[in-house]
Each structure stands twice: as C-alpha cells, then as structure tokens.
Amino acid sequence: MEPPADGADLVVYAENLHKRFGKTEALRGLDLAVPRGTVLGVLGPNGSGKTTAVRILATLTRPDSGTARVAGFDVVRQADELRHRIGLTGQHSSVDLKLTGRENMVMFGRLYHLSKSAAEKRAAEVLERFGLAHAADRLVDTYSGGMRRRLDLIASLVFAPSVLFLDEPTTGLDPRSRSEIWDTVRDLVRAGTTVLLTTQYLDEADQLADHVVVIDAGKAIASGTPDRLKEIIGSRLDLVVRDAASLAAATGVLTVIGAGAPETDEPKRTVSIPVNDTSPSLTEILRRLDQEGVAVENIGIRRPTLDEVFLKVTGGASAGSEQMTSGKGAA
Amino acid sequence: MTALQPPLQPPLETPARSAGHRLRWTFVDGWILVKRILTHLKHSPGQLITLLIFPAIMVVLFGYVLGSSIVVPGGGNYREYLMPGLFVMTGFTGVMAIAGRVAADVGRGVMDRFRAIPMARSAVMFGQTGADLIIGVLSSVVMMACGFAAGWRIHNGPVRALEAFALIVLMRYAVSWLGVCLGLRVKDEETAANMVPLIFPLTMISNSFVPADRMPSWLRPIAEWNPVSSLVAACRQLFGNPGQPTRGQAWPLLHPVTATLLWSVALLVVFVPAAIRIYRTPKN
C-alpha cells in the first residue's frame, strides 16, 4: 500500500480482512486504503474476493477477522451510522424493475428519510442531471441494460453518499453504455465523492482509478497508481526495420542501449527491448541506427497496458492460481 | 452531461437513538415499502385481475364441479360448508405469492440495496407482510362476495362474522412470515414457484373440503391438528355454517377459535424472529 501522508484522511481503511465461506477462503488478509475524493480500482479475476471485500465494506457481510473503517465508522460496530454515508451499486441491477425510474428514486429518497416533496424534487434533479429524465416515468423493466445500470448508480445519489461502492459497474454492458457509466462516475468524483470500484477490465481501472490494487486469491498482490504499476513491466522500445537484412545490426545497437534482452521477430522485421530512464533518447537511438546503416520504418516507445501488468503480477496464464499469492507486489 | 451542480446535501438528521424514534421509523419505512408492492400491482393490472378472478374460479371448481356430489355430514348446503375452507385456502396460498416476491428481491439484488440503507432490519419484512395483509383483506372480501353469490350466508350476526374475518386475516398474516423465510432462503423466483405444490397439500389435508373424521386413521391426526383445520372450524362456528364441532373430535376442532389464536401466535413467535435473522445474515 501507499498510505498518504495524512492517515486521517483515509475514507476507506481495511486491515487484514479475513472471510471464509465454508471451505472457501474468500479473503486472506486483505488491506485496502482509499484517500478522500479519490477512486480506488480493485482489480482481480473472478473469485479473487473483490465482491466479498465490497460487501464487507458496505456492511452487508461481516468479516471473520480484521478491521475496516469507512468514513470513520467501523463496518461492524457502527454499521447503522455508516449506512447513512455510503451508496452501493452491486453487480446485478438492484433497482426495482416493476417501478418507474422516478418511483425508484423517490422510494430510495424516502427511505433515506427525505420528506415526500424533497424526495420528489431530488429524484427529478438527479434524473435530469444524469440524462434519464426522458425515461423517468417508464417502468425500469423497459430500460436498456445501460440505462438500468445508470439508474442503479444514481439511485444512491438521492442523498449525497460520501463513499460509493461500485461492484463491477460495467460488466456486461456495451461499449457505449460503459463510457456513459464512466462519465457518470467521473462526474460524481468531481463532486467530491470517494469511490471504490471493482472491475475485471483493466482499461476501466486505467480510465477511472487514481490507485489500483490488484487482488488475487483474497490478498492484495500489487498496488499503486496505474502509471506506477505499469513501471513494474517498464516501457518497451519497438522498432520495425525496412529491410530484414539489417535486423542483426539493429539488434546490435539496441542491445547496447536497452535495459534487457532484445526480442527479434524476423518475418515481421521487428526488434523490441525494454527501456528505462537511463536509456538514451529516441533521437540518439535513431542517430546510432543511422550510423550502422539501418533503415527505420517505424520506431516508438510503448507504455505497457495494465493487462500486461495484471498478467505479470498474477503469474501470466495461471491468473488466480495458488502460486501467486506469495508474489509481492511492487508497491 | 449537464453542468455539474454542487453535491446534494445529505439529510442532516442524525441516526435515531431512542427506541420510540426507531420504532416510528420502522413503521414509516415499512409503510413506504408497503406502497412499493401496491404500486407493482397498480402497474400490472393483470396481476390484480388474476387475484380477483381466482376466488370465482375456486367457487365454481370446488362448489359446483366437486361439490355437487358431496354430502355434508349432519346435513346442510355443501357450498355453505365449503366457503370457510376456501377463505382459508386463499389465505394459505398467499404464502407462495409472498415467498415469490421476496425471492425476486433477493435474486435481483434489491434486497442487498435495502440492506445497505440505514433502516430497521425489520422494515423490509414489515413492508412485504404489510402489503400481503392488504392484498389478503382484498381477496378475502372478493372471496366472500363470490361465496355470497353461490349461496353462502352469515348466520350468527355481524360481530361474530367480523371475528371470523379477523381470524382469517390474522392467520394469513402469521403464515406470510413463513413465506418471507422461504423467500429469503431460496435462490430465486423460480425456485419459489416450484414450491407451490408443497403448500397445496397442506391446505387439502384438512377439513376444508371434506370432514377429517372420514379420513384413514394415519391421515386423520394430521388433518385434525393442521392449523388450516382449526381456522376452517373456527369460521364455520362463527359464521354458523354447516360442519359444527361434534363430540369425539380432536381438541383443536372442539376449540377452534382458541386453537387458531394459539397457532397464529406460535407461527409469529417462530417466523418473525427467524425472518429477521435470515435477513440480517445473508448467505454470501
């Protein structure tokens, strides 16, 4: 973890959470921390414990051991006070399909003890602000998947939760709906909400999260900003030469300046090599290639995707396997 | 996306502390959730119509199709004998309806959202059972109207009739908590629907349609001690319909009103805390 300097400003703080369901150990000592006003992305494969972690933090499940505080309240002992400050959107749409969008919003507002008129006003405001006003008086049953999820997300906004838990908010949505949900989340964060979201999609974490925690088999195995995590893999220099004959010369140049072993692909006429801060600049590399008579077709420095990070920290193809739980992240 | 507005302010009220305050909010929240179920009905009139047609179908089915060949012990009109049985049967089949509604909420994640809302743990259940109570009163009234059309009459005056009605409603309310427990325990709506055949025999192995005295000896005690039978007998007694208690019957049939009250209290004592406990500790 990368605890911020001011520990008191951690809106979500979980330490050593354990949870077991029968023979399955869902959480095995999970730590999490989310500073105020930021987005934490919890990344992990199916069954890694993401949902269990969210359910514990949102007071739906009690941990077997470990402590967790959200917005300053203990999730077990002060669950009721805490519920006044959190919003939760689960994996399945949790709005009432047999009510209209507006009826849903008003009902949730009333359950948060707004007066009838205040709840109606708030519902209209939020539906308008998040682009659902046109469908407000239709049964949610008739909404598209994306609209349902959006309603689900904003249903928590009838009051202003200081922390919002989103459990895989875009799973199963089409690309357009996903980007709409992302816009909504960004809007909420700008308005001061702290968000903890779980996802299987690395681009989602990359898009939304200030910090990412990669969890596997119930433990955090890596954490940091998306940029920081990408440094685990490091950047790569990709070079495409015009003539396959110059591949050997090009490889020779890159081996000298690179930060690791080069990978050559003859049919594609490419050389790829890890680079780091001490590597020479791109101009310098081009100059040296020129000196050796290498005609360059394409050259570029590529930052790794979170997918590559994820595969690396979870042990490549065996993501989710037991062996990886011992792997310590680079945070 | 429209321009960003300042964050919505949370209601400033601090969580309730005093027991009285809490109780009041439990009822307010419960009532909001009662209205939720009633709004469902408003949106699907088909469901409401089914609810109202069902009694008429039962009267035709049991009163005329089967009833034409059944002779009431001790004499009397079979349809007058039958009606209390049908009143009770509608009440008990309500168990499956409420179980289905609760299971749907669990399956669709609505229950989880309710759990994350700062309301009394029991409010959700009071909402479900409260709505079922209103539906139950409505369908009982319709059933009685159908019975009246088929020749069923009140013979002992309005006060006793009201007592009978109150017992029907009380028992329905008590068993609706069993429905909540079932609904919370099953995986989804479909599983709940599959349990309908289980509740049906419960209403049949009773004195609803035929007297328990004529059943084989191994089945007879079940029918006699069935809460359905107590309530049916209580209704016959209070409405003054054929099939009054006769000497030699089991205790619940000789003291049907007391037996019904005891059954209702027992069901509530068992299933209200059970439902709240299951709600508080979800499986996953």
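What you are looking at is a predicted structure, and each value in this text was computed from that prediction instead of being measured.

A look at the overall build of chain A
Okay, step 1: The secondary structure content of chain A amounts to eleven helices and 14 strands.
Okay, step 2: Overall, the C-alpha framework of chain A stretches about 80 × 45 × 40 Å when taken along its three principal axes.
Okay, step 3: Taken across its 331 residues, chain A has 45% of its residues classed as buried.
Okay, step 4: Contacts in chain A between residues at least 24 apart in sequence constitute 68% of all its contacts with a sequence separation of at least 6.

Quick notes on the nonpolar core
Okay, step 1: Counting 151 residues, the largest nonpolar core has Val12, Leu57, Val158, Phe165, Leu196 and Val214 of chain A together with Cys235 of chain B as the members making the most contacts within it.
Okay, step 2: With 18 residues, helix α3 (residues 78-107) of chain B is the single largest residue contributor to this core.
Okay, step 3: Each residue touching Cys235 of chain B, except ones within four places of it in the same chain, is listed here: Pro84, Phe87, Val88, Ala164 and Ile168 of chain B.
Okay, step 4: Core analysis: the second largest hydrophobic core is formed by twelve residues, Val241, Leu254, Leu289 and Val294 of chain A among them.

Structural notes on the domain arrangement of chain A
When the parts of a complex come together, some accessible area is lost, and that lost area is often taken as the interface size.
Okay, step 1: What the domain assignment lists for chain A is domain 1 (7-230) and domain 2 (235-302).
Okay, step 2: Computed over C-alpha atoms, the centres of domain 1 of chain A and domain 2 of chain A are 45 Å apart.

Comments concerning the UniProt feature "transmembrane region" (unreviewed entry) in chain B
Okay, step 1: The UniProt entry lists residues 48-66, 86-104, 125-152, 164-184 and 261-279 of chain B under the feature "transmembrane region" (unreviewed entry), expressed in the numbering used here.
Okay, step 2: Between the end C-alpha atoms of residues 261-279 of chain B there is a gap of 26 Å, over a span that is 100% helix and 0% strand.

Some thoughts on the sheet that holds strand β5 (residues 73-74) of chain A
Residues and elements named next belong to chain A.
Okay, step 1: Taken in spatial order, the four strands line up as β2-β1-β4-β5 in an open sheet, and their pairing is antiparallel. Looking along the sheet, the strands with just one partner apiece sit at the ends: β2 (24-35) and β5.
Okay, step 2: Where strand β1 (residues 10-21) meets strand β4 (residues 65-70), five bridges bridge the pair, whose relative direction is antiparallel. Each bridged residue has a counterpart across the sheet, and for Val12 the counterpart in β4 is Val70.
Okay, step 3: Along the sheet face, helix α1 (residues 50-57) touches β1, β2 and β4 and points at about 120° away from the line of β1.

Quick word on the environment of Ala248 of chain A
Okay, step 1: Assignment of secondary structure puts Ala248 of chain A in helix α9 (residues 247-257).
Okay, step 2: Using a count of 14 C-beta atoms within 10 Å as the deciding quantity, one classes Ala248 of chain A as partly exposed.

Structural notes on the UniProt feature "domain: ABC transporter" (unreviewed entry) in chain A
Okay, step 1: Taken from the UniProt record, the annotation "domain: ABC transporter" (unreviewed entry) applies to residues 12-242 of chain A.
Okay, step 2: Summarising residues 12-242 of chain A: 35% helix, 30% strand, and an end-to-end C-alpha distance of 53 Å.

Considering the interface of chain B and chain A
Okay, step 1: Taken together, the contact between chain B and chain A spans 29 residues of the former and 38 residues of the latter.
Okay, step 2: Put simply, the parts of the chain that give the side of chain B that touches chain A at least two residues each are α1 (19-43) and α4 (110-115) of chain B.
Okay, step 3: Among the elements that make up the side of chain B that touches chain A, the one with the highest residue count is α1 of chain B (six residues).

Description of helix α11 (residues 306-313) of chain A
Residue and element names in this part refer to chain A.
Okay, step 1: Looking at α11, one finds that the buried residues are Leu306, Val309, Phe310 and Val313. Looking straight down α11, one finds that the buried residues subtend no more than 100° of arc, so they occupy a single side.
Okay, step 2: Looking at the packing, one finds that the buried side of α11 touches β3 (39-43), α7 (202-208), β9 (211-216), β10 (219-224) and α8 (226-233).
Okay, step 3: Trailing α11 by a residue or two, Gly315 shows a phi angle of about 80°, which is positive.

Considering the confidence of the model for chain A
All names here are of chain A.
Okay, step 1: Residues of chain A with pLDDT of at least 70 account for 93%, and the chain-wide mean is 85.
Okay, step 2: Below a pLDDT of 50 lies the segment residues 1-6, which in the model reaches ten contacts outside its immediate sequence neighbourhood of four places, other chains included.
Okay, step 3: A low-confidence stretch, residues 317-331 stays under pLDDT 50, and its non-local contacts, those more than four residues away or across chains, total 37 contacts.

Let's talk about unusual backbone geometry
Excluding glycine, residues mostly have negative phi values, and the peptide bonds linking residues are mostly trans.
All names here are of chain A.
Okay, step 1: Positive phi, close to 70°, is recorded for Thr59, a residue that is not glycine.
Okay, step 2: Inspection of the secondary structure assignment puts Thr59 in the loop between α1 and β4.
Okay, step 3: For Thr59, a count of 23 C-beta atoms within 10 Å puts it in the buried group.
Okay, step 4: Of note in this structure, His113 is not a glycine but carries a positive phi near 70°.
Okay, step 5: By the secondary structure assignment, His113 is in the loop between α3 (101-111) and α4 (116-129).
Okay, step 6: Judged by the 21 C-beta atoms lying within 10 Å of it, His113 falls in the buried class.

Regarding the sheet that holds strand β13 (residues 270-275) of chain A
All names here are of chain A.
Okay, step 1: Here four strands make up an open sheet; going across it, the order is β12-β13-β11-β14 and the pairing antiparallel. Looking along the sheet, the strands with just one partner apiece sit at the ends: β12 (263-265) and β14 (296-302). Neighbour-to-neighbour, the strand axes of the sheet open up by a mean angle of 15°, direction not taken into account.
Okay, step 2: As paired strands, strand β11 (residues 235-241) and β13 are joined by six bridges and run antiparallel to one another. Bridge pairing links Leu239 to Val271 in β13.

Concerning the environment of Lys187 of chain B
All names here are of chain B.
Okay, step 1: Inspection of the secondary structure puts Lys187 in the loop between α6 (158-185) and α7 (189-194).
Okay, step 2: Taking the C-beta count within 10 Å as the criterion, Lys187 has 11 such neighbours and is therefore assigned exposed.
Okay, step 3: Each C-alpha atom, one on Lys187 and one on Leu133, is 24 Å from the other, the two residues being 54 residues apart in sequence.

With respect to the packing of helix α5 (residues 123-149) of chain B against α6 of chain B
How two helices sit against one another is set out by the angle between their axes and by the gap between those axes.
Residues and elements named next belong to chain B.
Okay, step 1: Running from amino to carboxyl end, α5 crosses α6 at an angle of 140°, the nearest separation of the two axes being 9 Å. Looking at the two axes, α5 sits oblique to α6. The two elements α5 and α6 meet at a crossing, and its hand is right-handed. Contacts between α5 and α6 involve Met125, Gln128, Thr129, Asp132, Leu133, Gly136, Val137 and Ser140 from the former and Phe165, Ile168, Val169, Arg172, Tyr173, Ser176, Trp177 and Val180 from the latter.
Okay, step 2: In terms of residue class, the contact of α5 with α6 is built from nine nonpolar, five polar and two charged.

Topic: the pairing of β4 of chain A
Regular strands place side chains that alternate from one sheet face to the opposite one.
Residues and elements named next belong to chain A.
Okay, step 1: The pairing of β4 with β5 spans two bridges and is classified as antiparallel. Each bridged residue has a counterpart across the sheet, and for Val70 the counterpart in β5 is Phe73.
Okay, step 2: The antiparallel hairpin formed by β4 and β5 contains two residues in its connecting segment, where Ala71 sits at a positive phi of about 55°.

What to know about the environment of Ala274 of chain B
Okay, step 1: Mapped onto the fold, Ala274 of chain B is located in helix α12 (residues 256-280).
Okay, step 2: Sequence separation between Ala274 of chain B and Leu178 of chain B is 96 residues; the distance between their C-alpha atoms is 8.8 Å.

Here's the deal with the packing of α1 of chain B against α5 of chain B
All names here are of chain B.
Okay, step 1: Interhelical geometry of α1 versus α5 gives an angle of 50° and a closest axis separation of 7 Å. In terms of orientation, α1 lies oblique with respect to α5. The crossing of α1 and α5 is right-handed. Seen from α1, the contacting residues are Thr26, Asp29, Gly30, Leu33, Val34, Arg36, Ile37 and Leu38; seen from α5, they are Ala123, Val124, Phe126, Gly127, Gln128, Gly130, Ala131 and Ile134.
Okay, step 2: Each residue belonging to the contact of α1 with α5 can be placed in one class, and the counts come to nine nonpolar, five polar and two charged.

Conventions and cut-offs
- Residues numbered from 1 in each chain as written.
- Chains lettered and ligands numbered in written order.
- Predicted model: local features only at pLDDT ≥ 70, side-chain atom pairs only at ≥ 80, totals over all residues.
- Helix = DSSP H or I, 4+ residues; strand = E, 2+ residues; numbered from the N terminus.
- Buried ≥ 20, exposed ≤ 12 C-beta atoms within 10 Å, placed from the backbone.
- Contact = placed C-beta atoms within 7 Å.
- Core = buried A, V, L, I, M, F, W, Y, C linked by C-beta atoms within 7 Å.
- Domains from an automatic or database assignment.
- UniProt positions renumbered as here; feature names shortened; annotations may be inferred.
- Pairing = 2+ DSSP bridges.
- Axes fitted to C-alpha atoms, helices over the stretch in contact; angles between N-to-C directions.
- Arc of directions from axis to C-beta.
- pLDDT = per-residue confidence, 0-100.
- Parallel < 35°, antiparallel > 145°, perpendicular 65-115°, else oblique.
- Left-handed = near helix turned anticlockwise from the far one by under 90°.
- Nonpolar A, V, L, I, M, F, W, Y, C, P; charged D, E, K, R; others polar.

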